[in-house]
Amino acid sequence: TRGVEHLKEKLISQAQEVSRLRSELGGTDLEKHRDLLMVENERLRQEMRRCEAELQELRAKPAAPCTGCEHSQESTQLRDRLSQLQLEVAENKGLLSELNLEVQQKTDRLAEVELRLKDCLAEKAQEEERLSRRLRDSHETIASLRAQSPPIKYVIKTVEVESSKTKQALSESQARNQHLQEQVAMQRQVLKEMEQQLQSSHQLTAQLRAQIAMYESELERAHGQMLEEMQSLEEDKNRAIEEAFARAQVEMKAVHENLAGVRTNLLTLQPALRTLTNDYNGLKRQVRGFPLLLQEALKSVKAEIGQAIEEVNSNNQELLRKYRRELQLRKKCHNELVRLKGNIRVIARVRPVTKEDGEGPEATNAVTFDPDDDSIIHLLHKGKPVSFELDKVFSSQASQQDVFQEVQALITSCIDGFNVCIFAYGQTGAGKTYTMEGTPENPGINQRALRLLFSEVQEKASDWEYTITVSAAEIYNEALRDLLGQEPQEKLEIRLCPDGSGQLYVPGLTEFQVQSVEDINKVFEFGHTNRTTEFTNLNEHSSRSHALLIVTVRGVDCSTGLRTTGKLNLVDLAGSERVGKSGAEGSRLREAQHINKSLSALGDVIAALRSRQGHVPFRNSKLTYLLQDSLSGDSKTLMVVQVSPVEKNTSETLYSLKFAERVRSVELGPGSRRTELGSWSSQEHLEWESACQTPQPSARAHSAPGSGTTSRPGSIRRKLQPSA
């Protein structure tokens, strides 16, 4: 039914198109043919109405699709053919419109050329008229000049016998004659130019006429081609219409013949239609339930994926926990191995960025840390990352207590009779003095170490009796000075003990016995006022000397009589930096040279110990000579390397970290405990008893083991007396 209606609409549109084309083109034969086609169309309409009535009857009955019908296939082929014909007609119409447009363009172009030709002819006529007028004027001027020439000659001939006045008139006439001759020459030149312009105008006119003739011939040829194409298109259209009408008649006959068969097929296809309807309804129900099934499946899959992700996360957390536990165990085993080998333990501390570092690219942070391993530090030097592995790395957020917890086990071994040395190394302004001494509100390792010793001594007071003495010295310009003495500028010397033990001591070095925190504060305050500090480009209060705090702990077991002697050396080295960068001059320059020399000697000692050389150059510097006991294998040694994080100090930071790695690889051997049985000398026993009976601090000179003691004047003692 839809195919027949579509065919009817196509036929009507074709009839309208034919009538329109005929009305545009005109012609008696075409009009007659049009009338015939209209009659034929009317007949086809009546037949179509009849077919529609029959189709309405068929629609009233239940119909089933005729899939394999032969007539439906033929109808489809006919519709395809009809659509092809319609496409051809549309193409012919487009071609016709293009030809009309081309003719219109050429007509407009011809009209434009004609207008240009008319304008040129008018201009040519005006120019010819102007030239003719000028030519007539020139001829008249020449004629008048020729008419005046004989009298002038005669005048010239007659002037020769006349007076001077006539001579003057003659010269004026000659000048006028010369002027007129020049005008005549100019007029002749102008006339010649006019003739040339007239000739060029004639040539241009001939060219334009030839071009117009060419355009006219081209227009006639295009018009003829257009007429031929229109005639051929009309013939093709008429032929296509006739073929379409013939095929439509054949199709209508076939449709009539197939209607009866369709009616019978409809009756047989009704059961199949019912079956298909039932199947369709079942599929529709399944489709309606499919989103619910899909949502349930997605929920189950999401739940399984979430469970898998949780399992993976839990496994990752467990692996991370095991990894961290193994890392701690490895570090513990490494520390035990280091202790057994006697390696120098090295920890690093990074100071925070301060206002003194300035602003800009040079003040950016160039130091980073490993989040999973607190023994790794990374430095960005000249755009290249460099990593170092030490025993422990403290970031800029670490507190004084965090650093002290790392070293307190080493300090408590001093009570058991071991020699312990902790020294701070780094460039000026990196925070060495802050780490070792701190501030009154936030003390450093020095005060915290003595407080820890006091607490340990009090815990063991029931079984042991201890005495703690403190000495403070500095090495300034390779001179050893006593910071607690009456004459701090007095130079001291380092000597070997006369008892043959090979240990070193400093004759005349003041030693104060401390029993409380107040005693410690007074000792530190007195020693700090005597230490040498100066202003440099790198630090406003730069330490210009190596400061040593020597804490000696002597103890005796009350039950067995076992005596122990432990020494704790806390060293704050002077700042290591380049002389040019620190801005030192004069005496400051000499100080910097001595500092670098002593630090260089320390590097030589570390290199010799690392390569296990037979000779270690301890005596090349007062600093290395005084630290010989701490670096020769009888001591537990720890180095705190202070690091500046800013970009402008990366060169010094790189040097400090490389030196720290070299120090870390030095093996000193296991530390030895200094114990002995038996009684002390009578003098030492009396000193011990007096120390136990009187809690006030006393001062004495540091002497060799076994020798007597000498008291300092009472003025120093009064300075350190606790206030009543």
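Here's the deal with helix α7 (residues 445-459)
For α7, which comprises 15 residues, the first-to-last C-alpha distance of 21 Å matches the rise-based estimate of 21 Å (1.5 Å per residue) to within 8%. Counting buried residues in α7 gives 11 out of 15 residues, a clear majority hidden from the surface. Within α7 the residues assigned to the buried category are Ile445, Asn446, Gln447, Arg448, Ala449, Leu450, Leu452, Leu453, Phe454, Glu456 and Val457.

Here we look at the pattern of salt bridges
This model, assessed by the stated rule, comprises 10 salt bridges. A salt bridge links arginine 133 to glutamate 129, with the nearest nitrogen and oxygen atoms 3.3 Å apart. With arginine 133 and glutamate 129 both in helix α3 (residues 70-159), this residue pair falls four residues apart, about one helical turn. Here aspartate 416 and lysine 460 are joined by a salt bridge, their closest N and O atoms 3.5 Å apart. Within this pair, whereas aspartate 416 is found in the loop between α5 (400-412) and β6 (419-425), its partner lysine 460 is found in the loop between α7 and β7 (464-476), the two being separated by 44 residues in sequence. Aspartate 416 gets classed as partly exposed once you look at its relative accessible area, which sits at 29%.

Some details on the pairing of strand β4 (residues 384-389)
Bridge analysis of strand β3 (residues 376-381) against β4 gives six bridges, and the strand direction is antiparallel. Following the sheet pairing, leucine 379 is matched in β4 by valine 386. Taken together, β3 and the strand that follows it, β4, pair antiparallel across an intervening segment of two residues, in which lysine 382 is found at a positive phi of about 55°.

Brief notes about the sheet that holds strand β2 (residues 367-369)
Pairing in this open sheet of three strands is antiparallel, and the strands run β2-β3-β4 from one edge to the other. The open sheet has two edge strands, β2 and β4, and neither has a second partner. Here the strands of the sheet are splayed against their neighbours by 25° on average, with no regard to which way each runs. Here β2 pairs with β3 via three bridges, running antiparallel. Its bridge partner being in β3, phenylalanine 369 is matched across the sheet by isoleucine 377.

Some thoughts on unusual backbone geometry
Phi is positive for asparagine 477, which is not a glycine, with a value near 55°. By the element assignment, asparagine 477 lies in the loop between β7 and β8 (479-482). Within the chain, glutamate 478 stands out as a residue other than glycine whose phi angle is a positive 60°. With respect to the helices, strands and loops of the structure, glutamate 478 is situated in the loop between β7 and β8.

Comments concerning the confidence of the model for the chain
When pLDDT drops low, the exact placement of atoms in the prediction is not to be read closely. In this model, the chain carries a mean pLDDT of 76, and residues with pLDDT of at least 70 account for 75%. Low pLDDT, under 50, characterises residues 151-162; the stretch is placed with seven contacts to residues that sit more than four places away or in other chains. Every residue in residues 534-541 scores below 50 in pLDDT, and together they form 23 contacts with partners more than four places removed in sequence or on other chains.

Observations concerning the packing of α7 against helix α8 (residues 517-530)
Relative to each other, α7 and α8 sit at 155°, their axes nearing to 10 Å. Classified by the interaxial angle, the pair formed by α7 and α8 is roughly antiparallel. The handedness of the crossing between α7 and α8 comes out as right-handed. For the pair α7 and α8, the contacting residues are Asn446, Gln447, Leu450, Arg451 and Phe454 in the first and Val517, Ile520, Asn521 and Phe524 in the second. Looking at the contact of α7 with α8 residue by residue, the class counts come to five nonpolar, three polar and one charged.

Digging into α5
In this model α5 runs 18 Å from its N-terminal to its C-terminal C-alpha over 13 residues, within 8% of the 18 Å that 1.5 Å per residue would give. Its maximal kink placed at glutamate 406, α5 deviates by approximately 45°. The complete set of buried residues in α5 reads Gln400, Val403, Phe404, Val407, Leu410 and Ile411.

Things to note about the pairing of β8
In β8, alternate side chains face the same way, and those of Ala479 and Arg481 on one face and Leu480 and Asp482 on the other are all buried. Where β7 meets β8, four bridges bridge the pair, whose relative direction is antiparallel. Paired with alanine 473 across the bridge in β8 is aspartate 482. Between the antiparallel neighbours β7 and β8 lie two residues, among them asparagine 477 with a positive phi of about 55°. Where β8 meets strand β9 (residues 491-492), two bridges bridge the pair, whose relative direction is antiparallel. Paired with leucine 480 across the two strands is leucine 492, which belongs to β9.

Looking at the packing of α5 against α7
Axis separation between α5 and α7 bottoms out at 10 Å; the angle between their running directions is 50°. Of the possible angle classes, the one that applies to α5 and α7 is oblique. Here α5 and α7 pass one another in a crossing that is right-handed. Here Gln400, Gln401, Val403, Phe404, Val407, Gln408, Ile411 and Thr412 of α5 come into contact with α7, specifically with Ile445, Arg448, Ala449, Leu452, Leu453 and Glu456. Of the residues that constitute the contact of α5 with α7, the class distribution is eight nonpolar, four polar and two charged.

So, the side chain of histidine 381
Residue position: histidine 381 is located in strand β3. Residue classification places histidine 381 among the buried residues on the basis of a relative accessible area of 14%. A polar side-chain atom of histidine 381 sits 3.4 Å from a polar atom in the side chain of threonine 650. Once residues within four sequence positions are removed from consideration, histidine 381 is found in contact with Thr650, Ser651 and Leu654.

Details of the nonpolar core
If you look at the biggest cluster of nonpolar residues, it comprises 50 residues, and the most contacted ones within it are Leu480, Leu573, Leu631, Met639 and Val641. Among the elements that make up this core, the one with the highest residue count is helix α10 (residues 587-610) (seven residues). Counting 42 residues, the second-largest nonpolar core is a separate cluster that includes Val457, Ala472, Phe512 and Phe526.

Concerning empty space enclosed by the protein
Under the criterion given, the structure shown has nine cavities of 30 Å³ or more. What the largest cavity holds in volume is close to 200 Å³. As for the largest cavity, its lining consists of 17 residues, and the residues nearest its centre are Glu437, Asn446, Ala472, Phe524 and Leu549. Of all the elements in the fold, those that place two or more residues in the lining of the largest cavity are β7, α8, β15 (546-557) and β16 (563-572). Element by element, the count of residues in the lining of the largest cavity is highest for α8, at four residues. Looking at the lining of the largest cavity residue by residue, the class counts come to 11 nonpolar, three polar and three charged.

The rules behind the values
- Residues numbered from 1 in each chain as written.
- Predicted model: local features only at pLDDT ≥ 70, side-chain atom pairs only at ≥ 80, totals over all residues.
- Heavy atoms only, no water.
- Helix = DSSP H or I, 4+ residues; strand = E, 2+ residues; numbered from the N terminus.
- Expected span 1.5 Å × (residues − 1).
- Buried < 20%, exposed > 50% of the residue type's maximum accessible area, 1.4 Å probe, protein only.
- Salt bridge = Lys/Arg side-chain N within 4 Å of Asp/Glu carboxyl O.
- Pairing = 2+ DSSP bridges.
- Axes fitted to C-alpha atoms, helices over the stretch in contact; angles between N-to-C directions.
- pLDDT = per-residue confidence, 0-100.
- Contact = heavy atoms within 4.5 Å.
- Parallel < 35°, antiparallel > 145°, perpendicular 65-115°, else oblique.
- Left-handed = near helix turned anticlockwise from the far one by under 90°.
- Nonpolar A, V, L, I, M, F, W, Y, C, P; charged D, E, K, R; others polar.
- Bend = angle between axes of the 7 residues up to and from the residue.
- Polar contact = N/O pair within 3.5 Å; in protein donor to acceptor, adjacent residues only side chain to side chain.
- Core = buried A, V, L, I, M, F, W, Y, C linked by side-chain atoms within 4.5 Å.
- 1 Å grid on protein atoms, 1.4 Å probe; cavity = no way out; pocket = protein on both sides within 12 Å on 5 of 7 lines; lining within 4 Å.
- Points joined across faces, edges and corners; volume = space filled by probe spheres on them.

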